[in-house]
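# Chains, contacts and geometry: an overview
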Amino acid sequence: MTQAQDGWLWLGGPTGLYRFDGIQFEQFAPSNAPLLTRNVSVVNAFADGSLWIGYRTGGAAQLRHGRIRNYSEREGLPGRSVWGVEQDGDGRVWAATAQGMYYLENERWQAPAGSWEVPGGQYKTLMRDRQGVLWAQCDTGVYFLRPGSKQFAKAPVSSGTGVLFNLPDGRVVSWDAGHARFNQLAGPAQGGYPQHWEHLGDPASLLFDHRGDLWIGLKGGLEYRTANGVSGRTTPPQGLSGPSVGAIFEDREGSVWAATSSGIDRFRSRRLARIEVPESAIGAAILADDSGGAWIGGFHVSVSDAGQARITPLWPANQEGWADMLTGFTRTSDGVLWGSSYGALRRIQGKDSRRIALPATIGNRVVKSVLAEQNGDLLAAVQHLGLYRRRSNGEWEKTGNEGEVSVMARSDASGLWLGYFPGRVAHAEGAGWRNYGPADGLTVGLVMALHLHGRHVWAGGDNGLALFEAGRFQQVGGLNGETFDGISGIVELDNGDLWLNATAGLFRIASEEIAKFKRVPDYRVQYERLDQLDGLEGSAPRLVPSPSLVLSSDSRLWIVRTTGVFRLNPREQLPLSPAQPAIIKTIGPPGEGKAAQEHAQFAPGVSALQIDYTIPSLAMPERVRFRYRLEEVDADWQEVGARRNAYYSNLAPGDYHFRVAASDYNGKWAGQHAMAHFTIAPAMTETWWFKALCGALLLSAAYLAYRWHINRMSRQMAHRLQERVSERERIARELHDTLLQSVQSLILHIHAAVMKMPPKDAMRMQLENVLQQADDVVDEGRGRIRELRGEDDKLSFPDALLAAANRLQLCEASAIQLKMSGALRQLDGAIYQEAMAIAIEAIANACSHARAQRIEVELQYGMREFRCIVRDDGVGIPAEILGDGGRRNHWGMRGMAERAARINAKLVLRSSAETGTEWQLTLPAALAYTQ
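Summarised in this report is the structure supplied together with it. These numbers come from a predicted model, not from an experiment.

Cut-offs and rules
- Residues numbered from 1 in each chain as written.
- Predicted model: local features only at pLDDT ≥ 70, side-chain atom pairs only at ≥ 80, totals over all residues.
- Heavy atoms only, no water.
- Helix = DSSP H or I, 4+ residues; strand = E, 2+ residues; numbered from the N terminus.
- Rg over C-alpha atoms; globule rule 2.2 N^0.38 Å.
- Contact = heavy atoms within 4.5 Å.
- Areas by Shrake-Rupley, 256 points an atom, 1.4 Å probe, with all protein chains shown as cover.
- Pairing = 2+ DSSP bridges.
- Axes fitted to C-alpha atoms, helices over the stretch in contact; angles between N-to-C directions.
- Core = buried A, V, L, I, M, F, W, Y, C linked by side-chain atoms within 4.5 Å.
- Buried < 20%, exposed > 50% of the residue type's maximum accessible area, 1.4 Å probe, protein only.
- Parallel < 35°, antiparallel > 145°, perpendicular 65-115°, else oblique.
- Left-handed = near helix turned anticlockwise from the far one by under 90°.
- Nonpolar A, V, L, I, M, F, W, Y, C, P; charged D, E, K, R; others polar.
- Phe/Tyr/Trp six-rings, centres within 6.5 Å; stacked < 30°, edge-to-face > 60°.
- Polar contact = N/O pair within 3.5 Å; in protein donor to acceptor, adjacent residues only side chain to side chain.
- Expected span 1.5 Å × (residues − 1).
- Arc of directions from axis to C-beta.
- Salt bridge = Lys/Arg side-chain N within 4 Å of Asp/Glu carboxyl O.

Our focus in this paragraph is the overall build of the protein. Tallying secondary structure elements over the protein gives eight helices and 69 strands in all. Computed over C-alpha atoms, the radius of gyration of the protein comes to 54 Å, more than 25% over the 30 Å expected from 2.2 N^0.38 for 931 residues, which places it beyond the range of a compact globule. If you line up the protein on its principal axes, its C-alpha atoms span 180 × 95 × 45 Å. A sequence separation of at least 24 residues applies to 50% of the contacts in the protein between residues at least 6 apart. Accessible surface computed for the protein: about 45,700 Å², of which carbon and sulfur atoms make up 50%.

Attention now goes to the sheet that holds strand 36 (residues 367–372). Read from one edge of the open sheet, four strands run 36-37-38-39, paired in antiparallel fashion. Looking at strand neighbours, the two that pair on one side only are strand 36 and strand 39 (396–399), the edges of this open sheet. Strand-to-strand twist in this sheet, taken as the mean axis angle between neighbours without regard to direction, amounts to 25°. Here strand 36 runs beside strand 37 (residues 378–382); their pairing, made up of five bridges, is antiparallel. Bridging from a neighbouring strand, Ala-372 pairs with Leu-378 of strand 37.

This brings us to the nonpolar core. By size, the foremost hydrophobic cluster in this structure holds 38 residues, and its most contacted members are Phe-797, Leu-801, Leu-827, Ile-843, Phe-866, Leu-921 and Leu-923. At the level of elements, helix 4 (797–807), helix 5 (829–848), strand 66 (855–861), strand 67 (865–872), helix 7 (892–902), strand 69 (916–924) and helix 8 (925–928) are the ones that each hand at least two residues to this core. In terms of residue count, the dominant contributor to this core is helix 5 (10 residues). Ignoring sequence-local partners within four residues, the contact set of Leu-801 consists of Met-836, Ala-839, Ile-840, Ile-843 and Val-857.

Another point: the packing of helix 4 against helix 5. In the contact formed by helix 4 and helix 5, the axes pass within 10 Å of each other and the chain directions differ by 40°. Classified by the angle between their axes, helix 4 and helix 5 sit oblique to one another. Once helix 4 is placed against helix 5, the crossing between them reads as right-handed. For the pair helix 4 and helix 5, the contacting residues are Phe-797, Ala-800, Leu-801, Ala-804 and Ala-805 in the first and Tyr-832, Ala-835, Met-836, Ala-839, Ile-840 and Ile-843 in the second. Here the contact of helix 4 with helix 5 is composed, by residue class, of 11 nonpolar, no polar and no charged.

The description of an aromatic ring pair uses the distance of the two centres, along with the angle that the planes make with each other. Considering all chains together, one arrives at 43 aromatic pairs under this definition. For the pair Phe-20 and Trp-257, a centre-to-centre distance of 5.5 Å together with 80° between the ring planes defines the contact as edge-to-face. Taken together, the positions of Phe-20 in strand 3 (residues 16–20) and Trp-257 in strand 25 (residues 256–260) put the pair 237 residues apart, joining distant regions of the chain. Taking the relative accessible area as the measure of exposure, Trp-257 reaches 4% and is therefore buried. With a centroid separation of 5.7 Å and an interplanar angle of 65°, the aromatic rings of Phe-507 and Tyr-527 are classed as edge-to-face.

Structurally, Ser-552 is set in the loop between strand 53 (549–551) and strand 54 (557–561). Only 3.4 Å separates the side chain of Ser-552 from the side chain of Trp-558, close enough to count as a polar contact. Those residues in contact with Ser-552, other than ones at most four positions away along the chain, are Ala-288, Gly-292, Gly-293 and Trp-558.

As paired elements, strand 60 (residues 626–630) and strand 63 (residues 654–662) share five bridges and run antiparallel to each other. Bridging across to strand 63, Arg-627 finds its partner in Ala-661.

If you check helix 5, its first and last C-alpha atoms are 28 Å apart, about what 20 residues at 1.5 Å a residue would give, namely 28 Å. Counting buried residues along helix 5, 15 of its 20 residues qualify, which places the element largely inside the surrounding structure.

With that out of the way, let us pick up helix 7. Taken together, the buried positions of helix 7 are occupied by Gly-892, Met-893, Gly-895, Met-896 and Ala-900. Seen end-on, helix 7 carries its buried residues on one side only, within an arc spanning 160°. A positive backbone phi angle near 55° is found at Asn-904, which sits one or two residues after helix 7.

Next up on the list: the environment of Gly-84. Examined against the element boundaries, Gly-84 turns out to sit in strand 9 (residues 82–87). Separated by 43 residues in sequence, Gly-84 and Ser-41 place their C-alpha atoms 8.3 Å apart. Not counting the four nearest positions on each side in its chain, Gly-84 is found in contact with Val-42, Trp-94, Ala-95, Ala-96, Lys-124 and Leu-126.

Turning our eyes to something else, we now look at the sheet that holds strand 68 (residues 906–912). Strand order in this open sheet of five strands is 65-66-67-69-68, and the pairing throughout is mixed. A single partner strand is all that each edge strand has here, and the edge strands are strand 65 (817–821) and strand 68. Within the sheet, the average angular offset between the axes of one strand and its neighbour, ignoring direction, is 10°. Note: strand 66 against strand 67, seven bridges, orientation antiparallel. The residue bridging Ile-855 from the neighbouring strand is Asp-872, located in strand 67. Packed onto the sheet, helix 4 meets strand 65, strand 66 and strand 67 and runs at close to 165° relative to strand 66. Across the face of the sheet, helix 7 comes into contact with strand 68 and strand 69 while running at roughly 150° to strand 68.

As a further point, take unusual backbone geometry. Cis rather than trans, the peptide bond between Phe-421 and Pro-422 has omega equal to -5°. As for its placement among the helices and strands, Pro-422 is situated in the loop between strand 41 (415–420) and strand 42 (424–429). Backbone geometry at Asn-106 places phi at a positive 55°, although glycine is not the residue there. Following the sequence through the fold, Asn-106 ends up in the loop between strand 11 (100–105) and strand 12 (108–110). Residue classification places Asn-106 among the exposed positions, given a relative accessible area of 72%. Backbone geometry at Asn-904 places phi at a positive 55°, although glycine is not the residue there. With respect to the helices and strands, the residue Asn-904 is situated in the loop between helix 7 and strand 68. You can call Asn-904 partly exposed: its relative accessible area is 32%.

For the structure shown, the criterion picks out 44 salt bridges. The salt bridge partner of Arg-211 is Asp-209, with a shortest N-O separation of 3.3 Å. According to the relative accessible area criterion, Arg-211 is partly exposed, its value standing at 41%. Within this structure, Glu-373, Asp-377, Arg-389, Arg-391, Glu-397, Arg-410 and Asp-412 form a network of salt bridges that share partners.

Turning next to the pairing of strand 34 (residues 344–349). Two faces, one strand: in a regular strand the side chains alternate between the faces of the sheet. Along strand 34, five of the six residues are buried, which leaves the element largely enclosed by surrounding structure. The sheet contact formed by strand 33 (residues 337–340) and strand 34 spans four bridges and is antiparallel. Counterpart to Leu-337 in the pairing with strand 34 is Ile-348. As paired strands, strand 34 and strand 35 (residues 352–357) are joined by six bridges and run antiparallel to one another. Looking at the pairing, Arg-347 lines up with Arg-354 of strand 35.

Here's what the structure looks like:
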């Protein structure tokens, strides 16, 4: 077994290569090539992050970033087992084989020349100590190579076969299996052979941990020995996975791993030590003494440096009912120890222990707690009856407020404080009492703990923790919604750290967090929680005993839980949290994930991905929490607890960036995170050019539809205009064939009659004048007929418009000003007539009604539209006329709108008294111009 720089625990054996992150074992297969064989003899992690592998059937390999480089006989290694791979102080890699030592140079393995003074034989163990010296153990002895040297030297002690160790104190020792003893090869002398190194039998594996303690793997279990003689033995009945222990390894977090014939076992040092006390002491009152021990129930308990508890009874056990039950402890100034019990107080001084019965007025009630006053009086909280005082002369009296007292505390700095059912606190102020409740911020529910430290007053209860500040209690809350429920023990250390014995575990709040809370009352504090993983079991007791957490004179915490008593050195810290960032293992469609690459590419159509990640955390992996974020999808980090998989669906093609971070063992998020960049390729229908092509096709279709619509309108308009032209021609023919012919015939008859009259006759002269007028009428009629037939089209639209405007004989207005833009184009006949009529009507209105001084006509021959604009500077059209659409009984404006509608034109009118009037006629070019 070995641990790589990235934290993975690697294991090699007859079935292959495995790695472990603290939660899951997985068989490892390199990404580029297979192992030479699955029969692995040794694994060793180098400081450069690479992993070296030795094979039992010959050969070695280097694994780096998931890729393997195998070395076999072709690269110079013998076809025999490789039992060790190590790096010397100069960076040279050596292999210990069954046929001697070899070193790697220019990607080939070389047998050392004679100048190296390395004897032949079978080598099984290589070790580099902390000074960079390479040690090699051969059948003929132990040899070492100092940094900078190219010559091995033999250790002065003949060690035989076995393994090598570099102890924490610097000593180098070798196990001599033939003589079942350790031999010291280098390092300071320690004054003899340690006793716990003796009588080891025939171990299959050995390990010295970071404390120098010895672990011994045997065929029947695992044995643990310390320098002070304490030893323990674990076998399958005690939970060991198998009887025979073949390999032992200590990781960087201090956990020891044992490989047995049936599995892998982890041994981790727990922060809390369980104190084995008699069953009657579990849940009983506790009070620290002056020598590092404590009184617990009817016993005095002291603990040696080796962790062994010594238990001394305070009185002979009665073992009948509640006679020996103690619910609270206190000491008076004379050193007498007092305990509260059922129906009595217990007085203990040295070996003298006696029960002092309660007065008859109280009866056989449970005294829940007892507290010594400075003058030697005792305060006793009697169940259901409230607070009583026992004076030093033995007299009892009722005192305090009405109500049942749940807990008491007193200090010189803060005075006397009492907790009352159901959730009230009282403070003695002179001869009176000051009460605090929910209106004063005390919302912890039933008060089960009061702790006074300097000027600090802490209250704990069913619903959490509160600090008394500036005449009020302030509720303390933790991160992630932690409320610290069920507190029955509180201790504030001299360094300001606060410890809480609560239902969910033992909590520590650092002094810096308390200071932040005092500055900002709604600040949620960071905390450390100790629970089953730290050796703590059960939950905090409720009400009795009070307190359930005390600080001994040697600065150890004693904790009472429902399952027993525990002891903690608060100066000891958690094991080192994983220092490296999380690792993204695989990424791909669900069930098809492959090893994460620097930039993964996925085929078109992939929309669901599963991302597996982890962080090697071997001490307490259960406490590690994860959060991740897919930047293009998630607005914020997704906190997922201990889950080590991320799932995404309905992902669109594009580039994505996935980040994942892991917490430490206290739930704090580190600044490091791992990132994976991947791309989902678009399908043909999802590419930009396909979308652009579709857009172009849609635009083309829209344009064709528009052209078809315009052509259809043009055909409809042409059809309607042709019908109108035909009707006009019919009317012209009728007028010509009837009215004009009849009038012409009448003129001829009258002319014939006139010619018969005398030339100077007055009647003849009058009739000739009438005939001349009749000829003018006929000429005018012929002109009108030509107009109806559309034969008056020799003039262009602008010229015809000017000519028509001049015939209007404009009143006071100056001549029409005509502006043109664009190339002159011929208008459709029907459009010509209607547009002319609309423009002439607009000019006539400007002259007749607006009293305009200036009239302007603008013609715009555009590629898309034809526009005819008539502007004047007159008084404008009144608002009521605009609202009605024209003057009453006048049809000019209405006729203009009707003409525009007939030719599908847009007619816009703008008029005001300040700017005059503007008519704008707009037609699509496809309708306006002739083809």
